[in-house]
Amino acid sequence: VPVKLYSGDVVIIGCDEYKDDIGNMPTGLPLINSGQASYCRVNYDWESLLGPGLSYIQTLEPRDKAGILMHFFLDFVRTRDGKIEHAVELVRHYAGETDWIVVDALLGVFDSLEALVRDTKSWAGYLHLVYSTLTPILEKVGWSDANLSGNITFTQGAVIDRLGRLGHSDTCGEARLLFSREQRAGQRLNKSIRPAVYRSVAVTGGQAEKQYFMDLYHSAQRNEEKRMLLTVLGSFTNSQIVQELLDWSMSDDVKLQDRVFLISCLAETGLEGRAMAFKFFKDNFETLS
(Lines give C-alpha, C1' and ligand atoms only; values in the text may rest on other atoms or scores of the structure.)
Protein backbone atom coordinates (compact mmCIF):
# COMPACT_ATOMS: atom_id res chain seq x y z
CA VAL A 1 0.00 0.00 0.00
CA PRO A 2 1.56 3.34 -0.96
CA VAL A 3 1.88 5.56 2.09
CA LYS A 4 2.67 9.27 2.10
CA LEU A 5 3.81 10.62 5.45
CA TYR A 6 3.99 14.34 6.13
CA SER A 7 5.86 16.00 8.94
CA GLY A 8 2.57 17.05 10.50
CA ASP A 9 -0.24 14.75 11.60
CA VAL A 10 -1.61 13.66 8.23
CA VAL A 11 -0.96 10.25 6.69
CA ILE A 12 -2.09 9.48 3.14
CA ILE A 13 -2.84 5.81 2.45
CA GLY A 14 -3.61 4.90 -1.14
CA CYS A 15 -6.10 7.29 -2.69
CA ASP A 16 -8.01 8.05 0.49
CA GLU A 17 -6.82 10.54 3.04
CA TYR A 18 -6.58 9.14 6.53
CA LYS A 19 -6.09 11.68 9.29
CA ASP A 20 -4.66 10.49 12.54
CA ASP A 21 -2.85 12.10 15.40
CA ILE A 22 0.44 10.25 15.28
CA GLY A 23 1.54 11.86 18.52
CA ASN A 24 5.02 13.01 19.31
CA MET A 25 7.32 11.96 16.50
CA PRO A 26 10.75 10.60 17.44
CA THR A 27 13.74 12.84 16.93
CA GLY A 28 14.97 12.73 13.36
CA LEU A 29 13.44 11.10 10.31
CA PRO A 30 10.09 9.35 10.96
CA LEU A 31 10.92 5.96 9.46
CA ILE A 32 8.25 3.79 7.83
CA ASN A 33 8.63 -0.01 7.44
CA SER A 34 11.72 -0.22 9.62
CA GLY A 35 13.94 -3.16 8.77
CA GLN A 36 11.81 -4.21 5.79
CA ALA A 37 12.74 -4.54 2.14
CA SER A 38 10.10 -5.02 -0.53
CA TYR A 39 8.74 -3.53 -3.73
CA CYS A 40 6.65 -1.11 -1.66
CA ARG A 41 7.82 2.48 -1.76
CA VAL A 42 7.32 5.18 0.88
CA ASN A 43 6.69 8.63 -0.57
CA TYR A 44 8.02 10.91 2.15
CA ASP A 45 7.49 14.66 2.17
CA TRP A 46 11.17 15.23 1.48
CA GLU A 47 11.03 19.02 1.59
CA SER A 48 9.96 18.97 5.21
CA LEU A 49 11.76 15.89 6.45
CA LEU A 50 15.09 15.60 4.71
CA GLY A 51 16.91 18.65 6.05
CA PRO A 52 16.47 18.05 9.79
CA GLY A 53 16.60 14.25 9.43
CA LEU A 54 19.88 13.88 7.56
CA SER A 55 22.12 13.38 10.56
CA TYR A 56 19.65 10.86 11.95
CA ILE A 57 20.10 8.62 8.90
CA GLN A 58 23.55 7.61 10.10
CA THR A 59 22.02 5.99 13.20
CA LEU A 60 19.79 3.66 11.17
CA GLU A 61 20.40 0.00 10.45
CA PRO A 62 22.00 -0.73 7.03
CA ARG A 63 18.78 -2.00 5.49
CA ASP A 64 16.96 1.19 6.49
CA LYS A 65 19.79 3.40 5.23
CA ALA A 66 19.48 1.69 1.87
CA GLY A 67 15.70 2.02 1.92
CA ILE A 68 15.72 5.77 2.59
CA LEU A 69 18.20 6.31 -0.23
CA MET A 70 16.22 4.29 -2.75
CA HIS A 71 12.89 5.86 -1.78
CA PHE A 72 14.23 9.37 -2.23
CA PHE A 73 15.85 8.78 -5.59
CA LEU A 74 12.87 6.95 -6.98
CA ASP A 75 10.97 10.17 -6.31
CA PHE A 76 13.73 12.51 -7.37
CA VAL A 77 14.90 10.84 -10.58
CA ARG A 78 11.57 9.56 -11.87
CA THR A 79 9.24 12.36 -10.85
CA ARG A 80 11.72 15.25 -10.30
CA ASP A 81 10.15 15.60 -6.85
CA GLY A 82 12.79 17.27 -4.73
CA LYS A 83 15.65 19.73 -4.95
CA ILE A 84 19.06 18.86 -6.32
CA GLU A 85 20.77 20.22 -3.21
CA HIS A 86 18.79 17.74 -1.11
CA ALA A 87 19.88 14.90 -3.36
CA VAL A 88 23.55 15.87 -3.16
CA GLU A 89 23.41 16.39 0.60
CA LEU A 90 21.69 13.05 1.15
CA VAL A 91 24.27 11.14 -0.90
CA ARG A 92 27.15 12.80 0.96
CA HIS A 93 25.84 11.35 4.21
CA TYR A 94 26.61 7.90 2.81
CA ALA A 95 30.34 8.55 2.42
CA GLY A 96 32.24 5.88 4.33
CA GLU A 97 29.41 3.33 4.45
CA THR A 98 30.78 -0.17 3.88
CA ASP A 99 27.78 -2.50 4.30
CA TRP A 100 27.12 -4.04 0.91
CA ILE A 101 23.35 -3.51 1.01
CA VAL A 102 23.95 0.24 1.47
CA VAL A 103 26.74 0.48 -1.09
CA ASP A 104 24.69 -1.47 -3.63
CA ALA A 105 21.83 1.02 -3.22
CA LEU A 106 24.30 3.92 -3.47
CA LEU A 107 25.76 2.59 -6.72
CA GLY A 108 22.25 2.18 -8.08
CA VAL A 109 21.60 5.85 -7.34
CA PHE A 110 24.81 6.80 -9.13
CA ASP A 111 23.69 4.73 -12.12
CA SER A 112 20.46 6.73 -12.32
CA LEU A 113 22.26 10.05 -11.99
CA GLU A 114 24.90 9.08 -14.54
CA ALA A 115 22.22 8.32 -17.12
CA LEU A 116 20.92 11.87 -16.65
CA VAL A 117 24.18 13.83 -16.71
CA ARG A 118 26.60 11.89 -18.93
CA ASP A 119 27.90 14.06 -21.78
CA THR A 120 26.36 17.20 -20.23
CA LYS A 121 27.89 20.20 -18.47
CA SER A 122 26.93 18.61 -15.14
CA TRP A 123 29.36 15.71 -15.64
CA ALA A 124 32.22 17.29 -13.68
CA GLY A 125 29.95 17.91 -10.70
CA TYR A 126 28.72 14.33 -10.87
CA LEU A 127 32.28 12.99 -10.84
CA HIS A 128 33.12 15.14 -7.83
CA LEU A 129 30.10 13.77 -5.97
CA VAL A 130 31.00 10.15 -6.77
CA TYR A 131 34.66 10.62 -5.89
CA SER A 132 33.94 12.36 -2.57
CA THR A 133 31.42 9.68 -1.59
CA LEU A 134 33.21 6.52 -2.65
CA THR A 135 36.84 7.30 -1.80
CA PRO A 136 36.15 7.28 2.00
CA ILE A 137 34.62 3.82 1.51
CA LEU A 138 37.69 2.58 -0.33
CA GLU A 139 39.94 4.03 2.36
CA LYS A 140 38.08 1.91 4.91
CA VAL A 141 38.02 -1.39 3.02
CA GLY A 142 41.43 -0.99 1.37
CA TRP A 143 42.88 -3.11 -1.44
CA SER A 144 43.76 -6.23 0.55
CA ASP A 145 41.35 -9.02 1.38
CA ALA A 146 43.26 -10.03 4.52
CA ASN A 147 40.88 -8.48 7.04
CA LEU A 148 37.67 -8.53 5.02
CA SER A 149 34.77 -10.89 5.56
CA GLY A 150 31.31 -11.54 4.22
CA ASN A 151 29.76 -9.08 1.81
CA ILE A 152 32.39 -6.41 2.45
CA THR A 153 34.43 -8.06 -0.31
CA PHE A 154 31.59 -7.14 -2.69
CA THR A 155 31.85 -3.55 -1.49
CA GLN A 156 35.59 -3.49 -2.07
CA GLY A 157 35.42 -4.77 -5.64
CA ALA A 158 32.42 -2.66 -6.63
CA VAL A 159 33.88 0.61 -5.31
CA ILE A 160 37.24 0.04 -7.03
CA ASP A 161 35.41 -0.84 -10.22
CA ARG A 162 33.27 2.30 -10.17
CA LEU A 163 36.09 4.70 -9.29
CA GLY A 164 38.35 3.11 -11.88
CA ARG A 165 35.74 3.27 -14.62
CA LEU A 166 35.12 6.93 -13.87
CA GLY A 167 38.81 7.78 -14.01
CA HIS A 168 39.58 8.56 -10.37
CA SER A 169 43.32 9.20 -10.58
CA ASP A 170 44.44 7.61 -7.29
CA THR A 171 42.34 4.51 -7.86
CA CYS A 172 43.50 4.13 -11.47
CA GLY A 173 47.11 4.63 -10.36
CA GLU A 174 46.91 1.93 -7.69
CA ALA A 175 45.13 -0.43 -10.10
CA ARG A 176 47.85 0.14 -12.69
CA LEU A 177 50.56 -0.55 -10.10
CA LEU A 178 48.97 -3.82 -8.97
CA PHE A 179 48.40 -4.86 -12.56
CA SER A 180 52.05 -4.21 -13.43
CA ARG A 181 53.16 -6.40 -10.55
CA GLU A 182 51.04 -9.24 -11.90
CA GLN A 183 51.99 -8.69 -15.52
CA ARG A 184 55.74 -8.35 -14.97
CA ALA A 185 56.46 -10.16 -11.73
CA GLY A 186 53.69 -12.73 -11.59
CA GLN A 187 52.19 -11.40 -8.34
CA ARG A 188 48.61 -12.55 -8.73
CA LEU A 189 45.89 -10.14 -7.74
CA ASN A 190 43.49 -10.91 -4.90
CA LYS A 191 40.42 -12.66 -6.22
CA SER A 192 38.07 -10.05 -4.72
CA ILE A 193 39.60 -7.13 -6.64
CA ARG A 194 40.96 -8.83 -9.75
CA PRO A 195 38.02 -8.07 -12.10
CA ALA A 196 37.81 -4.47 -10.86
CA VAL A 197 41.55 -3.87 -11.31
CA TYR A 198 41.52 -5.40 -14.78
CA ARG A 199 38.59 -3.24 -15.88
CA SER A 200 40.16 -0.10 -14.40
CA VAL A 201 43.34 -0.78 -16.40
CA ALA A 202 41.39 -1.53 -19.58
CA VAL A 203 39.61 1.85 -19.51
CA THR A 204 42.84 3.62 -20.50
CA GLY A 205 44.67 0.55 -21.80
CA GLY A 206 46.38 0.03 -25.14
CA GLN A 207 47.40 -2.87 -27.32
CA ALA A 208 49.71 -4.44 -24.72
CA GLU A 209 46.94 -4.60 -22.12
CA LYS A 210 44.48 -5.86 -24.69
CA GLN A 211 46.82 -8.70 -25.69
CA TYR A 212 47.39 -9.64 -22.05
CA PHE A 213 43.66 -9.95 -21.41
CA MET A 214 43.11 -11.79 -24.70
CA ASP A 215 45.76 -14.33 -23.69
CA LEU A 216 44.01 -14.81 -20.35
CA TYR A 217 40.72 -15.28 -22.17
CA HIS A 218 42.12 -17.94 -24.49
CA SER A 219 43.75 -19.82 -21.61
CA ALA A 220 40.73 -19.67 -19.30
CA GLN A 221 39.04 -23.03 -18.73
CA ARG A 222 35.86 -22.00 -16.94
CA ASN A 223 32.99 -20.17 -18.62
CA GLU A 224 32.68 -17.91 -15.59
CA GLU A 225 36.29 -16.77 -16.04
CA LYS A 226 35.84 -16.20 -19.77
CA ARG A 227 32.72 -14.11 -19.20
CA MET A 228 34.52 -12.00 -16.57
CA LEU A 229 37.32 -11.36 -19.05
CA LEU A 230 34.75 -10.33 -21.67
CA THR A 231 33.66 -7.57 -19.27
CA VAL A 232 37.31 -6.56 -19.05
CA LEU A 233 37.73 -6.48 -22.83
CA GLY A 234 34.44 -4.63 -23.02
CA SER A 235 35.89 -1.84 -20.85
CA PHE A 236 38.40 -0.54 -23.40
CA THR A 237 37.70 2.96 -24.70
CA ASN A 238 40.45 3.35 -27.34
CA SER A 239 38.47 3.61 -30.59
CA GLN A 240 40.84 1.40 -32.59
CA ILE A 241 40.74 -1.32 -29.95
CA VAL A 242 36.97 -1.03 -29.64
CA GLN A 243 36.60 -1.68 -33.38
CA GLU A 244 39.03 -4.60 -33.19
CA LEU A 245 37.04 -6.11 -30.35
CA LEU A 246 33.76 -5.62 -32.17
CA ASP A 247 35.16 -7.45 -35.17
CA TRP A 248 36.60 -10.16 -32.92
CA SER A 249 33.22 -10.69 -31.27
CA MET A 250 32.03 -12.35 -34.48
CA SER A 251 34.85 -14.90 -34.48
CA ASP A 252 34.69 -18.48 -33.29
CA ASP A 253 36.63 -17.42 -30.17
CA VAL A 254 33.44 -15.91 -28.75
CA LYS A 255 30.44 -18.09 -28.08
CA LEU A 256 27.26 -17.17 -29.91
CA GLN A 257 25.46 -16.32 -26.67
CA ASP A 258 28.33 -14.04 -25.59
CA ARG A 259 28.60 -11.90 -28.71
CA VAL A 260 25.84 -9.46 -27.86
CA PHE A 261 27.09 -9.41 -24.27
CA LEU A 262 30.52 -8.14 -25.38
CA ILE A 263 28.99 -5.63 -27.78
CA SER A 264 26.75 -4.26 -25.02
CA CYS A 265 29.74 -3.92 -22.68
CA LEU A 266 31.57 -1.84 -25.29
CA ALA A 267 28.42 0.24 -25.81
CA GLU A 268 28.42 1.19 -22.13
CA THR A 269 31.90 2.75 -22.22
CA GLY A 270 30.69 6.16 -23.41
CA LEU A 271 29.29 8.12 -26.32
CA GLU A 272 31.85 6.94 -28.88
CA GLY A 273 31.67 3.32 -27.80
CA ARG A 274 27.88 3.43 -27.92
CA ALA A 275 27.88 4.86 -31.45
CA MET A 276 30.40 2.31 -32.70
CA ALA A 277 28.61 -0.61 -31.06
CA PHE A 278 25.22 0.47 -32.40
CA LYS A 279 26.56 0.80 -35.96
CA PHE A 280 28.23 -2.59 -35.68
CA PHE A 281 25.03 -4.15 -34.34
CA LYS A 282 23.00 -2.74 -37.23
CA ASP A 283 25.55 -3.87 -39.82
CA ASN A 284 25.55 -7.40 -38.40
CA PHE A 285 21.95 -7.61 -37.28
CA GLU A 286 21.05 -10.68 -39.34
CA THR A 287 24.00 -12.67 -38.02
CA LEU A 288 23.49 -11.56 -34.42
CA SER A 289 19.77 -12.27 -34.46
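Residues numbered from 1 in each chain as written. Predicted model: local features only at pLDDT ≥ 70, side-chain atom pairs only at ≥ 80, totals over all residues. Heavy atoms only, no water.

(A) How the structure looks around the environment of leucine 148. Its location among the elements puts leucine 148 in the loop between helix H5 (123–141) and helix H6 (152–165). When the C-alpha atoms of leucine 148 and serine 192 are compared, they prove to be 9.9 Å apart, with 44 residues separating the residues in sequence. Setting aside its immediate chain neighbours within four residues, leucine 148 contacts Val141, Thr153 and Gln156. (Helix = DSSP H or I, 4+ residues; strand = E, 2+ residues; numbered from the N terminus. Contact = heavy atoms within 4.5 Å.)

(B) Quick peek at the pattern of salt bridges. A full pass over the atoms with the stated rule returns 13 salt bridges. For arginine 118, the salt bridge goes to glutamate 114, with nearest N and O atoms at 2.6 Å. Here arginine 165 and glutamate 114 are joined by a salt bridge, their closest N and O atoms 3.1 Å apart. Here arginine 165, found in helix H6, pairs with glutamate 114, found in helix H4 (residues 100–117); they are 51 residues apart in sequence, far enough to count as distant. Arginine 165 sits in the partly exposed class, given a relative accessible area of 31%. Each of the salt bridges in this network shares a partner with another, and the network as a whole consists of Arg194, Arg222, Glu224 and Glu225. (Salt bridge = Lys/Arg side-chain N within 4 Å of Asp/Glu carboxyl O. Buried < 20%, exposed > 50% of the residue type's maximum accessible area, 1.4 Å probe, protein only.)

(C) Spotlight on unusual backbone geometry. The backbone phi angle of aspartate 119 is positive, close to 65°, even though this residue is not glycine. Within the secondary structure, aspartate 119 is located in the loop between H4 and H5.

(D) Layout of the layout of surface pockets. Estimated volume of the largest pocket: approximately 940 Å³. As for the largest pocket, its lining consists of 31 residues, of which Asp161, Pro195, Arg199, Thr231 and Ser235 are closest to the centre. Sorting the residues of the lining of the largest pocket by element identifies H5, H6, helix H8 (194–203), helix H10 (223–233) and helix H12 (256–267) as the ones contributing at least two each. Looking at which element gives the most residues to the lining of the largest pocket, the answer is H8, with five residues. (1 Å grid on protein atoms, 1.4 Å probe; cavity = no way out; pocket = protein on both sides within 12 Å on 5 of 7 lines; lining within 4 Å. Points joined across faces, edges and corners; volume = space filled by probe spheres on them.)

(E) Highlighting the confidence of the model for the protein chain. Taken residue by residue, the protein chain gives an average pLDDT of 84. The fraction at 70 or more is 79%. Below pLDDT 50 for its whole length, residues 9–27 participates in 27 contacts with residues either more than four positions away or in separate chains. (pLDDT = per-residue confidence, 0-100.)

(F) A look at the packing of helix H11 (residues 239–248) against helix H13 (residues 271–283). Running from N to C, H11 and H13 cross one another at 30°; their axes reach a closest spacing of 11 Å. Between H11 and H13, the angle is such that the two are roughly parallel. As for the relative orientation of H11 and H13, their crossing is right-handed in sense. On H13, the residues touching Ser239, Val242, Gln243, Leu246 and Asp247 of H11 are Glu272, Met276, Ala277 and Phe280. Looking at the contact of H11 with H13 residue by residue, the classes come out as five nonpolar, two polar and two charged. (Axes fitted to C-alpha atoms, helices over the stretch in contact; angles between N-to-C directions. Parallel < 35°, antiparallel > 145°, perpendicular 65-115°, else oblique. Left-handed = near helix turned anticlockwise from the far one by under 90°. Nonpolar A, V, L, I, M, F, W, Y, C, P; charged D, E, K, R; others polar.)

(G) View of the packing of H6 against H8. The N-to-C vectors of H6 and H8 enclose an angle of 0°; their axes lie 8 Å apart at closest approach. The angle between the axes of H6 and H8 places the two elements in the roughly parallel class. Note on element contacts: H8 touches H6 through Ala196, Arg199, Ser200 and Val203, opposite Gly157, Ile160, Asp161, Gly164 and Arg165. Counted by class, the contact of H6 with H8 contains three nonpolar, three polar and three charged residues.

(H) Inspection of helix H9 (residues 207–219) at higher detail. Between its first and last C-alpha atoms H9 spans 18 Å; for 13 residues at 1.5 Å apiece the expected length is 18 Å, and the two agree. Those residues of H9 that fall on the buried side of the exposure criterion are Glu209, Lys210, Tyr212, Phe213, Met214, Leu216 and Tyr217. At its buried positions, H9 is contacted by helix H7 (169–185), H8, H10 and H11. (Expected span 1.5 Å × (residues − 1).)

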